[in-house]
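Overview (structure and organization)
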There are 2 protein chains.
Amino acid sequence: MSQLNIPETNDPRVVIVGGGFGGINLAKHLKNLPVQVVLLDRNNYHLFQPLLYQVSTAGLEPDSIAFPLRGIFRKQKNLVFRMAEVTGVRAAENILETGIGELRYDYLVFATGSNTNFFGNKTIEAQAIGMKSLIEAVQIRNYVVKQFEESLLLSDPEEIKPKLNFVMVGGGPTGVELAGAFAELRKYILPKDYPSIPQNLMNVYLVEAGPRLLASFTEKTSETTLKSLEELGVRVMLSTHVNEYDGKVVTLSNGEQIKSHSLLWSAGVKGVPVAGLPADILLPNGRILVNEFNQVKGYENIYAIGDIAQMTNDSRFPKGYPMVAQVAIQQGVNLAKNIKLGMQKKPVIAFHYKDLGSMATIGRNRAVVEMGKLKMHGFFAWVVWMVVHLMSLLGFRNKLVVFINWFYRYFTFERGTRIIIKRGAANIVKLRQTIEH
Amino acid sequence: MSQLNIPETNDPRVVIVGGGFGGINLAKHLKNLPVQVVLLDRNNYHLFQPLLYQVSTAGLEPDSIAFPLRGIFRKQKNLVFRMAEVTGVRAAENILETGIGELRYDYLVFATGSNTNFFGNKTIEAQAIGMKSLIEAVQIRNYVVKQFEESLLLSDPEEIKPKLNFVMVGGGPTGVELAGAFAELRKYILPKDYPSIPQNLMNVYLVEAGPRLLASFTEKTSETTLKSLEELGVRVMLSTHVNEYDGKVVTLSNGEQIKSHSLLWSAGVKGVPVAGLPADILLPNGRILVNEFNQVKGYENIYAIGDIAQMTNDSRFPKGYPMVAQVAIQQGVNLAKNIKLGMQKKPVIAFHYKDLGSMATIGRNRAVVEMGKLKMHGFFAWVVWMVVHLMSLLGFRNKLVVFINWFYRYFTFERGTRIIIKRGAANIVKLRQTIEH
């Protein structure tokens, strides 16, 4: 394999695989160290995943939640970015293999994040849509608008219903936010844009395997969320599994069947596997076992942070930390410190997770927020949710464009970006093929 | 073929094919008439084509120059929109055939616009990229950023050059604006985002078959434009044809060869053919012959407006009116008046084109504007260009988002949307296949 064309320096080289929350925070905190940082990602942008669901429901432009990695790191002189896909590791030689050539490393950090987890159900995987990438979100938007347009061509309600039954699986924040956004499409957009389609032909289902929504929040918040979604017209089904889905009929564990052409799956994530590491450090959930310093078990200079890393040093989280942005960010920052300490031959610091709280938006004027002892819901929680997300977005332009879209939507009840950019993709299977290639 | 599901009324039905400038202006002006307007388009949005080149050069989000047709016409109660592709006409029966069913009409109006014209050169058509649709513009953006990323992997300048040689063909407004925007990418973005690529490896060529750029403007303006582009570093070649292009080498009529992976073709447009009309009313340039009332020759109740219509009632334009937005808009408005007059049994009015002027932007602080006797260039022309385009954009949200993007770019020299959304498409041929399906 050819050598990757990267300038050689005298500084040790830190190769970071993945430009998500973990990767970019680690890279930023290595700014003033005498190291060469090589950041690799298969895309050329950092994706603000918490707002992905708004792209798929026509609330935000895809471009406003993606930020070019070159833009983020333009001023960081010790960093080189390359768009590349990792294909393997030869750990004994300190060599990383990528689709565009080989690369020597002194430190190697996997920050590859997570992918949709279908828990091994291949038939569901073949027919459902995940919610992890920008292209998936754009395709969902196109697909959903197409269902509405095609419904107009039909007169038999029994033919229309499967097109307008939207089934979300997974009652975590993504599932709740998606279901809320679909319920708002039903409430505000359907009657205005498609007055000839009776509103009762569109139904939004939220299926959760556990006994409550937002299981990582308090029980009271779960109840508030359930009530809010039901007020918006979402049919929430708790303690229910999806057994089968053939693209047309969703079969639930309680025997019920829902005719639907759209199954949106956010019931779980799993680590994105890395080729070339020994099988025994990869856990069945796709994550990599790390110690409290984010070191991959059995390696001195290979690390994993964020969703892909499974660290079990905290008794509150016996199965590892939750796969959320905050853990990735904090692990990135801690690892940067440890690389510095290590280079200074000082003792390194074990990772300690500080839970800054969680929040989810349910719809217009409705959100739930938990920050330590502070719990709130309703309008004020919704404002807090907006401010926190707006402030976390990278870049002034993105903040402003997202703000305008929200502002506009709030006062007009409109969604500006209901356009179908990509034509074709007559069904979800074709759509998935388009996504994967 | 099945019947298209559209409510029957007692009013005569005007079917408009195409939601471009002509189609939407006709439809709007039929608002208060006792007619049923059926608007068909293959997309669900109106595209503001004059700013398409900014999408392809990462200056604007695709969503900000597209406006959902349902949004435009939400309040027009006598209008029905359907997303459909026309497949034929049975004029004797007053029936329009579409991909989603048949449709009876009382008046039928073709406003189908134009497509890229490769003047029959199949090998160029197979390898070049056109600039007429939103998906083409997004794909060009993705493709261009990809060329930069891939150049980083190479060390031999002779291998890099073909990736960074961008050849625009056609010296009309689109070609000039594109060349200017590419020259600005070279000047402002390349040195910042890709400091390791020597600037002289990137070259922007503009090839025009005629003796001057912007042939529809005055000679003085052509000269100003040429000078401005050359100052920006564009290599302009006048009185030069592209003879061949195999995807790797552009062969010009003067024998010169340019190694380039990117040939952007805006050298001409032709009407989008409509199936089912007799061959003799279709001209070789794809346009439909109409009389001064936009009536298709030989038919009482079939009309064509805008780019697709060729009307030769004006001695200034012996080959028909130019294929620009203003003609389409004015013909749409005039036809609406004539439909009203016809229903009132009053004499109809022949179309009279009022030239409101033309303008083209060359780059930052540089544009050329001609409005009647008023001719200007430079900073003030550039401001006029921006204001006119901003005001012509549909919708408050789109205006605001475009304004912010321009404002941001002006002060930061940045382009916000340099992200590659779609992966794959390793070369232009594949890219074109993606576009066409």
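Here the structure is a predicted model, which means the values were calculated and not measured.

Residues and elements named next belong to chain B. Inspection of helix H6 (residues 157-164) places Ile160, Pro162, Lys163 and Leu164 among the buried residues, and these make up the whole buried set. Of the surrounding secondary structure, the elements contacted by the buried residues of H6 are helix H5 (134-151), strand S11 (165-169), strand S12 (203-207) and strand S16 (257-259). N-capping of H6 is provided by Asp156, with a side-chain oxygen placed 2.9 Å from the backbone N of Glu158.

This part takes up the UniProt feature "transmembrane region" (unreviewed entry) in chain A. Sites flagged by UniProt as "transmembrane region" (unreviewed entry) map to residues 379-396 of chain A. The span residues 379-396 of chain A is 83% helix and 0% strand, and its two end C-alpha atoms sit 25 Å from each other.

Residue and element names in this part refer to chain B. Ordered in space as S13-S12-S11-S17, the four strands form an open sheet in which the pairing is parallel. With partners counted over all chains shown, the strands left at the sheet margins are strand S13 (234-237) and strand S17 (262-265), one partner each. Mean inter-strand twist for the sheet, computed between neighbouring axes without regard to direction, equals 20 degrees. Where S11 lies against S17, four bridges are found, and the strand directions are parallel.

It is worth spelling out the pairing of strand S5 (residues 79-83) of chain B at this point. Within a regular strand, the side chains alternate between the two sheet faces. Residue and element names in this part refer to chain B. Most of S5 sits out of view: five of its five residues are buried. Residues Leu79, Phe81 and Met83 point to one face of S5 and Val80 and Arg82 to the other, with burial holding for every one of them. Where strand S2 (residues 36-41) and S5 come together, five bridges link them in parallel fashion. Along S5, the bridge assignment pairs Leu39 with Phe81.

Let us look at the domain arrangement of chain A. As a measure of interface size, the accessible area lost when the parts come together is often cited. All names here are of chain A. Partitioning chain A into domains gives domain 1 (13-42 + 84-116 + 270-343) and domain 2 (122-267 + 364-436). Distance between the C-alpha centres of domain 1 and domain 2: 32 Å. Where domain 1 meets domain 2, there are zero salt bridges. Taken together, the connections running from domain 1 to domain 2 amount to one residue pair in polar contact (both at pLDDT 80 or more). Residue assignment for the side of domain 1 that touches domain 2 shows that the elements contributing at least two residues are helix H1 (21-29) and strand S10 (114-116). Take the side of domain 1 that touches domain 2: its biggest share by element is three residues, from S10. Considering only residue class, the side of domain 1 that touches domain 2 consists of one nonpolar, three polar and two charged.

About the criteria used
- Residues numbered from 1 in each chain as written.
- Chains lettered and ligands numbered in written order.
- Predicted model: local features only at pLDDT ≥ 70, side-chain atom pairs only at ≥ 80, totals over all residues.
- Heavy atoms only, no water.
- Buried < 20%, exposed > 50% of the residue type's maximum accessible area, 1.4 Å probe, protein only.
- Helix = DSSP H or I, 4+ residues; strand = E, 2+ residues; numbered from the N terminus.
- Contact = heavy atoms within 4.5 Å.
- Polar contact = N/O pair within 3.5 Å; in protein donor to acceptor, adjacent residues only side chain to side chain.
- UniProt positions renumbered as here; feature names shortened; annotations may be inferred.
- Pairing = 2+ DSSP bridges.
- Axes fitted to C-alpha atoms, helices over the stretch in contact; angles between N-to-C directions.
- Domains from an automatic or database assignment.
- Salt bridge = Lys/Arg side-chain N within 4 Å of Asp/Glu carboxyl O.
- Nonpolar A, V, L, I, M, F, W, Y, C, P; charged D, E, K, R; others polar.

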